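# Working through the structure, step by step
This is what each chain is made of:
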Amino acid sequence: MTRSTLLLAGLLLGSTTLVAAQTKPAAKPAAAATAAMAPAPMGVRTFKVDNSHSSVGFKVKHMGISTVNGAFGDMTATLELDPKNLRTLKTTATIQATSINTGTERRDNHLRSADFFEVEKYPEITFQSTGVTAVSGNTFKLAGNLTMHGVTKPIVLDGTFDGAMTDPSGNQRVGLTASGSLNRTEYGLTWNKAIEAGGLLVSEDVRIELQIEAMAPKPDQGK
């Protein structure tokens, strides 16, 4: 092979190697690729209950044949929660007893009186959670202490986590529902009347039904 032929072969080989090096895609650093794929941790945040999208309701049997529905319209409550871990749920709530509403003014005034809630003496109903158990999927049991009419008793609510969402303003929102039952006489709400056909005018058992939406402001708010 002549000297000129060797030079030509060397140039061709050098050009081929250069093109291959330019067209080969650059490898991503493994750590950067992993970080890009990993979801950002939600973490525990404090949510304030949005009263305009929440309700604290109850149901009581009347004469054993019909059901009276009622609600409390004035509540302040906070939740501490990581939506990805329901066992982190903690909550406190304060309800103004005078805000009771069953749709009938005369009955509501009776419920505010000394026969029932004695709202002037005991203006607030409070709940303080003590722990979450029996988590299965989006359902759980929430234990806590309910104080009503000056009496504090433990209660367990059956809860469902309905999801987390970011609203159009960038605030994070969560939704929960919960229900339970109590015997009102254990809280000193003992007023009643016997009816001739047998039984009581107002049931001692009360069904509680909660619909909760709570909001955590986006991080840059308040700065």
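Along each chain, numbering runs from 1 in the same order as the chain's sequence is written. Note on the predicted model: pLDDT of at least 70 is required for a residue's local features to be given, and 80 or more for side-chain atom pairs to be given and counted; whole-chain, interface and lining totals, by contrast, use all residues. Just so you know, side-chain values use all the structure's heavy atoms and leave hydrogens and water out.

## So, the overall build of the chain
Starting at the N terminus, helices and strands are each numbered in turn, a helix being any DSSP run of H or I of at least four residues and a strand any DSSP run of E of at least two. If you tally the helices and strands in the chain, you get three helices and 11 strands. The helix and strand sequence of the chain, counted from the amino end, reads α-α-β-β-β-β-β-β-α-β-β-β-β-β. Residues classed as buried in the chain amount to 31% of the 223 residues present. Contacts in the chain between residues at least 24 apart in sequence constitute 56% of all its contacts with a sequence separation of at least 6. Accessible area for the chain stands at about 13900 Å²; split by element, carbon and sulfur atoms hold 57% of it. Throughout this description, buried means an accessible area under 20% of the type-specific maximum (1.4 Å probe, protein chains only), exposed means over 50%, and partly exposed covers the range between. Contacts between residues were defined by any pair of non-hydrogen atoms, one from each residue, lying within 4.5 Å. The Shrake-Rupley method, run with a 1.4 Å probe sphere, supplies the accessible areas, and residue values consider only the shown protein chains as cover.

## Regarding the pattern of salt bridges
A pair is scored as a salt bridge if a Lys or Arg side-chain nitrogen falls within 4 Å of a carboxyl oxygen belonging to Asp or Glu. By the definition in use, this model includes five salt bridges. Notably, a salt bridge pairs Asp167 with Arg173, separated by 2.9 Å at the nearest N-O pair. Through salt bridges with shared partners, a single network forms among Asp50, Asp167, Arg173 and Glu213.

## Quick word on the side chain of His149
Examined against the element boundaries, His149 turns out to sit in the loop between β8 (139-148) and β9 (151-166). With relative accessibility at 12%, the residue His149 sits in the buried group. Any pair of N or O atoms that falls within 3.5 Å is considered a polar contact. Within protein, one atom must be able to donate a hydrogen and the other to accept it, and sequence-neighbouring residues count only if both atoms are side-chain atoms. Polar side-chain contacts of His149 include one of 2.6 Å to the side chain of Glu118. Here Tyr187 takes part through its backbone oxygen, which lies 3.0 Å from a polar atom of the side chain of His149.

## A closer look at the environment of Leu200
Summarising the element assignment, Leu200 is placed in the loop between β10 (172-183) and β11 (202-216). When the C-alpha atoms of Leu200 and Gly64 are compared, they prove to be 7.6 Å apart, with 136 residues separating the residues in sequence. Contacts of Leu200, omitting those with residues within four sequence positions, involve Met63, Asn192, Lys193, Ala194 and Ile195.

## Structural notes on unusual backbone geometry
With a phi angle near 50°, Glu118 is a residue other than glycine that sits in the positive phi range. The topology assignment puts Glu118 in the loop between α3 (105-112) and β7 (124-136). You can call Glu118 partly exposed: its relative accessible area is 22%. Look at Ala134: it is not a glycine, yet its phi comes out positive at around 55°. Relative to the helices and strands, Ala134 resides in strand β7. Judged by relative accessible area, which is 45%, Ala134 ranks as partly exposed.

## Concerning the pairing of strand β5 (residues 85-96)
Any two strands with at least two DSSP-identified bridges between them are counted as paired. Summarising the sheet, strand β4 (residues 75-82) and β5 pair through seven bridges and their orientation is antiparallel. Across the sheet, residue Glu80 finds its bridge partner in β5, namely Lys90. Relative to β7, β5 is paired through five bridges, and the arrangement is antiparallel. Note on β7: the bridge partner recorded for Thr94 is Thr126.

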